[in-house]
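Survey of secondary and tertiary structure
Residues per chain are reported as follows:
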Amino acid sequence: MSQKFPKDFGVHDILDLILCDVDYLITCSNDLAIIQNGAVAILKGRIYDLGDSEEIKARYRARETLSLKGYILMPGLINAHVHAPMSLFRGLADDLPLEVWLSEVIFPTESKWVKKETVYLGSLLSFCEMILSGVTCFCDGYFFEEEVVRAAVEVGIRGIAGQGILDFPTPDAPSSDRMFERAERFLSSTHSEMVRPSLFCHALYTCSAATVKRTKELCQAYGALFQIHLAETEWERSKVLELTGKSPVEFLEDLALLDENTLCVHGVWLSDEDLNILNDRGTGLVHCLESNLKLASGVANLPLWLERGLKVGIGTDGPASNNNLDVLGEMGMVAKLHKGFRRDPTLCSAWEVLKLGTILGARAIGLGEEIGSLEVGKRADCIALSISEPHAIPLYNPISHIVYSAKASDVKYVWIDGKPIVRDGRLVSLNLEEMLKEARRISQEIGKRRESV
Ligand SMILES: [Zn+2]
């Protein structure tokens, strides 16, 4: 047993689970460890030990031992930015500019359809999609976030739930005063082991300086993550510059909002000076490439973020602007697009991108000490990808395979906090068919009402 294991665990004869005979165990720790014929031993939701499969099997006994011959075992993927309930609006309107898409489609639809039941159901739908494609942790921002927490706990996914804040009436807060009262109630009453509460200011063009400041103060009072969409479009950057004489990052810096507990999403339009500020403050940034491409917002300079060592994760953004929650697919796109866009095949290597989807993403959202890599003492959030399909053969380099060849459907097993959530490609924590039937029924109603408008 490693010295790094928390002292309060003590020495146990019988562990909960041993995952053994793994073809390639990818830890995603800093040293790029790949263990062939590896094993992971799990106790009380945490990684108790890992290493050579024969040694682990000889050293421990467990209530369950599962052979993963023919699999890669790696940390679960982190979706560092999503609006999970919006899955019910997937494909409702596409091919529009962000401002038009938001003001003419999303906001009016939300005012009619966002209620407790739809937030709960949309979240369940998103969590099932994410888990079945290897995502074990999400970072969300929306309304009725208690329902997001309820859905997450029910299906067994880890995450951060950010109650949405805007300067106009929202589906769950008819006035701004009620909004803060509501936000504080959410922060003070959410005590899930698996889902941390957070607040999410939509953007600087929908929240005043006073609103973002008050939101950050509330977050500070409760030790919660403050999230905001920032510098997503050229229009947003120009608007903030015109109104304040500062870039969006400089504006937040002057309000003393940037620190390690702030997460900025998008950052497509950032200057060199903006990057210096974010780096100095240790502020997290989320790259949502496919959403930025689909809404034609531009391409963030991720290679420069990585070169500067910023705290960066990958996010899919909401299912209405992507339109899927496939982080593995997003990683492949990130690794390839930046090479082509900057005409340099050495940018965004497979290893860098794998870390973005795991340990770096975990650090960006403030959970790097607990998840994101397979290390003794960390939470046992891990996924097994089958390498028996034609697209996995030959397999010379497992890191290259994960980023450039693997598909979401290769994910056959998922454990979160040491609990089995997917076995042999099937979700075990929820009746998927029943949930899909209900999601289809509601989406047909949403579609009909929209046609009749
Ligand atoms: Zn977003």
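Residues numbered from 1 in each chain as written. Predicted model: local features only at pLDDT ≥ 70, side-chain atom pairs only at ≥ 80, totals over all residues. Heavy atoms only, no water.

1. Details of the coordination of the zinc ion
Around a metal, the perfect tetrahedron of four donors has angles of 109.5 degrees, and the perfect octahedron of six donors has angles of 90 or 180 degrees. Only His-81 (NE2), His-83 (NE2), His-229 (NE2) and Asp-317 (OD) from the protein coordinate the zinc ion, and they sit 2.1 to 2.2 Å from it. Note that the zinc ion binds four donor atoms; their angles at the metal cover 91 to 164°, and the shape is irregular. As a motif over one chain, the donors of the zinc ion read H-x1-H-x145-H-x87-D. You can see His-81 sitting in strand β6 (residues 77–82) and its partner His-229 sitting in strand β10 (residues 225–230), a full 148 residues away along the chain. We classify His-81 as buried; its relative accessible area is 0%. (Donors = N, O, S within 2.8 Å, 3.2 Å for Na, K, Ca; no water. Tetrahedral: all angles 85-135°; square planar, octahedral: opposite > 155°, others 65-115°. Helix = DSSP H or I, 4+ residues; strand = E, 2+ residues; numbered from the N terminus. Buried < 20%, exposed > 50% of the residue type's maximum accessible area, 1.4 Å probe, protein only.)

2. Observations concerning the domain arrangement of the protein chain
Here the domain parsing of the protein chain yields domain 1 (7–76 + 373–427) and domain 2 (77–364). Here the C-alpha centroids of domain 1 and domain 2 sit 29 Å apart. Taken over both partners, the interface formed by domain 1 and domain 2 buries close to 2,400 Å², and the fraction arising from carbon and sulfur atoms is 70%. When the buried surface of domain 1 facing domain 2 is broken down by residue, Val-403, Tyr-404 and Ile-416 rank first, second and third, together holding 24% of it. With a closest N to O distance of 2.7 Å, Asp-381 and Arg-158 form a salt bridge. Our count for the domain 1 to domain 2 interface comes out at three residue pairs in polar contact (both at pLDDT 80 or more). The element contributing the most residues to the side of domain 1 that touches domain 2 is helix α15 (residues 398–405), with five residues. (Domains from an automatic or database assignment. Buried area = accessible area lost by both parts, 1.4 Å probe. Salt bridge = Lys/Arg side-chain N within 4 Å of Asp/Glu carboxyl O. Polar contact = N/O pair within 3.5 Å; in protein donor to acceptor, adjacent residues only side chain to side chain.)

3. Comments concerning the sheet that holds strand β13 (residues 311–314)
With respect to topology, eight strands assemble into an open sheet ordered β6-β7-β8-β9-β10-β11-β12-β13, the strand pairing being parallel. Each end of this open sheet is capped by a strand with a single partner; those strands are β6 and β13. Going from strand to strand, the sheet's axes swing by 25° on average, the running direction of each strand aside. (Pairing = 2+ DSSP bridges. Axes fitted to C-alpha atoms, helices over the stretch in contact; angles between N-to-C directions.)

4. A closer look at the environment of Ser-271
As for its placement among the helices and strands, Ser-271 is situated in the loop between β11 (262–266) and α9 (272–281). A relative accessible area of 23% places Ser-271 in the partly exposed class. On a C-alpha basis, the gap between Ser-271 and Ile-47 in space is 41 Å, while along the polypeptide they are 224 residues apart.

5. Notes on unusual backbone geometry
In this chain, Asn-322 is followed by Asn-323 through a cis amide linkage whose omega measures 5°. Relative to the helices and strands, Asn-323 resides in the loop between β13 and α12 (327–342). In the segment running from Ile-393 into Pro-394, the intervening peptide bond is cis, with an omega of 0°. Relative to the helices and strands, Pro-394 resides in the loop between β14 (382–386) and α15.

6. Description of the pattern of salt bridges
For the coordinates displayed, the defined rule picks out 27 salt bridges. The shortest N-O distance in the salt bridge between Arg-158 and Asp-417 comes to 2.9 Å. On the criterion of sequence distance, the pair formed by Arg-158 in strand β8 (residues 158–165) and Asp-417 in the loop between β15 (411–416) and β16 (419–423) is long-range, its members being 259 residues apart. Exposure class is identical for Arg-158 and Asp-417. Each is buried. Notably, a salt bridge pairs Glu-253 with Arg-281, separated by 2.9 Å at the nearest N-O pair. With Glu-253 in helix α8 (residues 248–254) and Arg-281 in helix α9, this residue pair connects regions lying 28 residues apart in the sequence. Three or more residues are tied together by salt bridges with common partners; here these are Arg-46, Arg-158, Glu-370, Arg-379, Asp-381, Asp-417 and Lys-419.

7. Structural notes on the pairing of β16
Looking along a regular strand, one sees side chains alternate from face to face of the sheet. Pairing of β15 with β16 involves three bridges; the strand directions are antiparallel. Within the sheet, the bridge partner assigned to Trp-415 lies in β16 and is Pro-420. Turn length for the β15-β16 hairpin, with the two strands adjacent in sequence and antiparallel, is two residues, and the turn residue Asp-417 shows positive phi of about 55°. Looking at chain direction, β16 and strand β17 (residues 426–427) are connected through two bridges and run antiparallel. Residue Val-422 lies in a different strand from β17, and its bridge partner there is Leu-427. If you look at the hairpin formed by β16 and β17, you'll find two residues sitting between the two strands, and Asp-424 has a positive phi there, around 50°.

8. Details of helix α3 (residues 116–132)
Because the α-helix completes a turn every 3.6 residues, residues three or four places apart line up on one side. Here α3 is 17 residues long and its end C-alpha atoms lie 24 Å apart, about the 24 Å a rise of 1.5 Å per residue gives. Counting buried residues along α3, 13 of its 17 residues qualify, which places the element largely inside the surrounding structure. (Expected span 1.5 Å × (residues − 1).)

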